[in-house]
Amino acid sequence: MTFNSVLDNVNIYEAGKPIELVVRDYGIDPKDIIKLASNENPYGTSPKVIKALQKKSSSAFVYPDDSMYELKEALAKRFRVEDKNVIIGAGSDQIIEFCVHAKCTKKSKVLMAKTTFAMYEIYAKQTSATILKTPSDQHNLDEFRKIYEKEGADIIFLCLPNNPMGECLDAKDVYKFLDEIDKDTLVVLDGAYQEYASYKDSAKKIDVKKVIKKYPNVIYLGTFSKAYALGGLRVGYGIANINIIQNLYKLRPPFNVTTLSLEAGKIALQDEKFVQKCIKKNFKEMKRYEKYCVNNSLKFIPSYTNFITIYTGKAISKEIAQKLLELGIIVRDMTGYGQNAIRITIGTKEQNKKVFKSLDKLLNLKKQ
Ligand SMILES: *Cc1c(COP(=O)(O)O)cnc(C)c1O
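Residues numbered from 1 in each chain as written. Predicted model: local features only at pLDDT ≥ 70, side-chain atom pairs only at ≥ 80, totals over all residues. Heavy atoms only, no water.

### Side note on helix H10 (residues 242-249)
Buried within H10 we find Ile244, Ile245 and Leu248. Projected down its long axis, H10 shows its buried positions confined to an angular sector of 95°, all on one face. Contacts made by the buried residues of H10 are with strand E2 (86-89), helix H4 (92-103), strand E6 (186-190), strand E7 (218-223) and strand E8 (236-240). (Buried < 20%, exposed > 50% of the residue type's maximum accessible area, 1.4 Å probe, protein only. Helix = DSSP H or I, 4+ residues; strand = E, 2+ residues; numbered from the N terminus. Arc of directions from axis to C-beta. Contact = heavy atoms within 4.5 Å.)

### Considerations on the side chain of serine 198
Along the polypeptide, serine 198 turns up in helix H8 (residues 194-200). A relative accessible area of 18% places serine 198 in the buried class. Of the polar contacts made by the side chain of serine 198, one reaches the backbone oxygen of glutamine 194; its length is 2.8 Å. (Polar contact = N/O pair within 3.5 Å; in protein donor to acceptor, adjacent residues only side chain to side chain.)

### Details of the site of the ligand
Close contacts around the ligand come from 13 residues, with Asp190, Thr223, Ser225, Lys226 and Arg234 the closest. At a separation of 2.6 Å, an oxygen atom of the ligand approaches a polar side-chain atom of serine 225. Note that an oxygen atom of the ligand is positioned 2.9 Å from one of the side-chain N or O atoms of lysine 226. Considering the ligand on its own, with 380 Å² of exposed area, one finds that the protein chains cover 94% of that surface. Here the residues of the shell around the ligand sort into 4 nonpolar, 5 polar and 4 charged. (Near = heavy atom within 4 Å. Areas by Shrake-Rupley, 256 points an atom, 1.4 Å probe, with all protein chains shown as cover. Nonpolar A, V, L, I, M, F, W, Y, C, P; charged D, E, K, R; others polar.)

### Looking at the nonpolar core
Ranked by size, the top nonpolar core spans 84 residues in total, and within it Ile88, Ile156, Leu158, Leu189, Ile206, Phe224 and Ile344 carry the most contacts. Looking at this core, you find at least three residues from each of domain 1 (5-45 + 273-362) and domain 2 (47-271). Ignoring any residue separated from it by four or fewer positions in sequence, one finds leucine 189 in contact with Leu158, Leu160, Val174, Leu178, Ile206, Val211, Val218, Ile219, Tyr220 and Leu221. Among the nonpolar cores identified, the runner-up in size contains 28 residues, and Val10, Ile95, Cys159 and Leu221 belong to it. (Core = buried A, V, L, I, M, F, W, Y, C linked by side-chain atoms within 4.5 Å. Domains from an automatic or database assignment.)

Printed below as a string of structure tokens:
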């Protein structure tokens, strides 16, 4: 059978290995498996959310509230914008998809950092748009400027902080960049890890209200999958000028977010104490990783997220990731991103201890 030839060029997204597969492939007991490959919150979902979900589950037979009124209102309040400025998706991934399809034809250009979130490129390729990448792996706004001046772009993706590298631009530099961008270019500010970045350094915090007021061509994306610990429920959002939101709505399938996802998002926003506690622990554990790397002369990228990218030196990262997997530790190999590195989600103290012990062995590290 022949398919749309555009698809010949589209890669299939490779998600972090699920626990179920590791159980099946390596016969490891599920409770001994440590999943640190998809940047989930290792402390689990807030107990308040779990309780609300149990209560709400009796509504499973009814279609969700397609106006998504309650969660929209909660997000609007959080970001001090109006309901009309908010769109909710099955993960912020779905909003990325809407953005690309709303803006791109095969004549379009999409500009992004060399090493960034894989879905930007995958969605862009579905439209046959031309992909433009900066030469550096990490975000460098001068490189973005240079390419933009020469080539122009229909969409620019800034990942703040950047997955899978972990670096983050300062908000003031982002604003300065936005001043220079034509109003017909859609700029996507992907804030999937903004909660972490702004906790670590307030200079990274994007003022969403200010940005969408001042720049009618900017959309801010957030997700409940990371700090808010709802990865399994697929809920994320976009915040922008009404004109952008209305056009994205034209691409939205009906009932794209489930009743339980909407409820979980709403309650998760009410339990900010839980989220802040998790973020605090994240950076305490992050310090352990940094210290571990320094002590063992392993290069790493200082991270503003809940993961750390560590270069494996002489060892081949793909092999290290595979050997970790056989020990029940799932991490992300970065060979596909052109890096001889592994990306490890910061786990709980106990999980991280096991990671260090296993790395000691696999990398033949001498104890100092
Ligand atoms: C995880 C992630 C997302 C989206 O996650 P969803 O689960 O689809 O909300 C978007 N951007 C980046 C950079 C991410 O790491």
